[in-house]
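This is what each chain is made of:
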Amino acid sequence: FDAVLIACGPVDPRQVERWGLDASKRGVAVNAETFATNRTGLFAAGNAIRRNGIPVRSLADGKEAGRAIAQYLAAKAGCKTWGSRTRKPLCRSMR
């Protein structure tokens with residue numbers, strides 16, 4: 001896979017470490033802006049990162065993580081520009 005999103009619900013930090021990921025007190029440790037984990041191409045959102053969060057926050061996390069993943073994949077495909085109106089990559093390999 002080019003990118004994977006973990007959306008598994010609440011997870012114990014010890015389990016996160018068994019997966020080979022960095023853990024926080026709440027679950028999977030991620031970059032706050034990109035939702036990226038310490039493993040390239042692996043992202044996490046929702047209760048996987050914040051344990052027992054409210055559903056609307058988990059939904060927002062998923063949406064924000066989706067944007068970050070799309071930008072990650074666009075960059076990986078060599079796209080240098082992201083369409084602000086269309087929110088689609090401006091290179092043929094991503095269309």
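Read on for an overview of the structure. Please read all numbers here as calculations on a predicted model, not as lab measurements.

With that out of the way, let us pick up the overall build of the protein chain. For the protein chain, the helix and strand inventory stands at three helices and two strands. Going from N to C terminus, the protein chain has its helices and strands arranged as β-α-β-α-α. Split into buried and exposed, the 95 residues of the protein chain put 29% on the buried side. Residue pairs at least 24 apart in sequence account for 36% of intrachain contacts in the protein chain once pairs closer than 6 positions are excluded. If you sum the accessible surface of the protein chain, you get close to 6,500 Å²; carbon and sulfur atoms cover 51% of it.

Let us look at helix 3 (residues 55-76). Helix length check: helix 3, at 22 residues, gives a terminal C-alpha distance of 31 Å against a target of 32 Å (1.5 Å per residue), a fit within 8%. For helix 3, the full list of buried residues reads Ser 58, Asp 61, Ala 65, Ala 68, Ile 69 and Ala 74. Looking at the packing, one finds that the buried side of helix 3 touches strand 1 (4-6), strand 2 (42-44) and helix 2 (47-50). Backbone geometry just after helix 3 places Gly 78 at a positive phi near 90°.

Moving on to the environment of Asp 22. Secondary-structure assignment places Asp 22 in the loop between helix 1 (13-18) and strand 2. The class of Asp 22 is partly exposed, set by a relative accessible area of 44%. The spatial distance from the C-alpha of Asp 22 to the C-alpha of Arg 39 is 8.9 Å, given a sequence separation of 17 residues. Sequence-distant contacts of Asp 22, defined by excluding residues within four places in its chain, comprise Val 16, Gly 27, Val 28, Ala 29 and Asn 38.

Attention shifts here to the nonpolar core. Ile 6, Val 11, Val 16, Leu 21, Val 28, Phe 35, Leu 42, Ala 44, Ala 45, Ala 48, Ile 49 and Ala 65 form the largest nonpolar core, which has 12 residues in total. For this core, the secondary structure elements donating two or more residues are strand 2 and helix 2. If sequence neighbours within four positions are ignored, Ala 65 has contacts with Leu 5, Phe 35 and Ala 45.

The rules we used
Residues numbered from 1 in each chain as written. Predicted model: local features only at pLDDT ≥ 70, side-chain atom pairs only at ≥ 80, totals over all residues. Heavy atoms only, no water. Helix = DSSP H or I, 4+ residues; strand = E, 2+ residues; numbered from the N terminus. Buried < 20%, exposed > 50% of the residue type's maximum accessible area, 1.4 Å probe, protein only. Contact = heavy atoms within 4.5 Å. Areas by Shrake-Rupley, 256 points an atom, 1.4 Å probe, with all protein chains shown as cover. Expected span 1.5 Å × (residues − 1). Core = buried A, V, L, I, M, F, W, Y, C linked by side-chain atoms within 4.5 Å.

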